[in-house]
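Residue-level structural notes
Listed below, chain by chain, are the residues.
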Amino acid sequence: MNPHTPPLHGSLPPEGADPQRLQGFEGSYLGNREVLRPDSRLECKICWWVYDPAVGDPQWQIAAGTPFADLPSHWRCPNCDCEPDQFLLLP
Ligand SMILES: [Zn+2]
């Protein structure tokens with residue numbers, strides 16, 4: 001390990017990056033709801049907000065116990081308004 005190695009440029013997406021360019025980001029479920037379980041938690045990769053089915057989403061009046069896959073198609077991240085396919089499946 002060389003402690004003087006400069007940080008890699010371009011290793012992080014620039015702020016305000018086009019979400020379309022981030023398709024295929026490792027860990028993304030890529031909109032494939034079949035990989036989701038009813039109790040899967042997902043994290044917004046833009047703002048790190050986490051959807052927990054056990055909690056639901058009061059802002060969107062999503063009842064507790066609603067799986068991510070059952071969110072309405074117009075649902076967006078309540079924190080940054082990004083689309084649900086920008087969420088990452090948490091282990
Ligand atoms: Zn967000």
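Because the structure is a prediction, the values reported are computed rather than measured. (Residues numbered from 1 in each chain as written. Predicted model: local features only at pLDDT ≥ 70, side-chain atom pairs only at ≥ 80, totals over all residues.)

1. So, the sheet that holds strand β1 (residues 42-44)
Keep this limit in mind: Here, strands pair whenever DSSP counts at least two bridges between them. Helix and strand definitions here come from DSSP, where helices need a minimum of 4 consecutive H or I residues and strands a minimum of 2 consecutive E residues; each element is numbered from the N-terminal end.
Spatially, β2-β1-β3 is the arrangement adopted by the 3 strands of the open sheet, whose pairing is antiparallel. Across the chains shown, the open sheet's two edge strands, defined by having one partner strand only, are β2 (50-51) and β3 (87-89). Note: β1 against β3, 3 bridges, orientation antiparallel. Bridge pairing in β3 places glutamate 43 opposite leucine 88.

2. Focus on the nonpolar core
Quick reminder of the rule: One nonpolar core equals one set of buried Ala, Val, Leu, Ile, Met, Phe, Trp, Tyr and Cys residues connected by C-beta atoms within 7 Å. Buried, partly exposed and exposed are defined by the number of other C-beta atoms within 10 Å of a residue's own C-beta, namely 20 or more, between the two limits, and 12 or fewer respectively, with C-beta atoms placed from the backbone. For the purpose of contact definition, each residue receives a C-beta atom placed from its backbone, and two residues are in contact when these atoms lie within 7 Å.
In terms of nonpolar packing, the biggest core is built from 8 residues, these being Leu42, Cys44, Ile46, Tyr51, Phe68, Leu71, Cys77 and Phe87. Residues within four places of leucine 71 in sequence aside, it is in contact with Ile62, Thr66 and Pro84.

3. Examining the confidence of the model for the chain
We apply this condition: Confidence per residue, as judged by the predictor, is encoded in pLDDT with a range of 0 to 100.
Across the chain, the average pLDDT comes to 81, with 66% of residues at or above 70. Looking across the chain, the model is least confident in β3, with a mean pLDDT of 93, and most confident in β2, with 98.

4. As for the environment of cysteine 80
Here cysteine 80 is to be found in the loop between β2 and β3. Residue class for cysteine 80 comes out partly exposed when judged on the 13 C-beta atoms lying within 10 Å of it. It is 6.5 Å that separates the C-alpha atoms of cysteine 80 and cysteine 47, two residues lying 33 residues apart in sequence.

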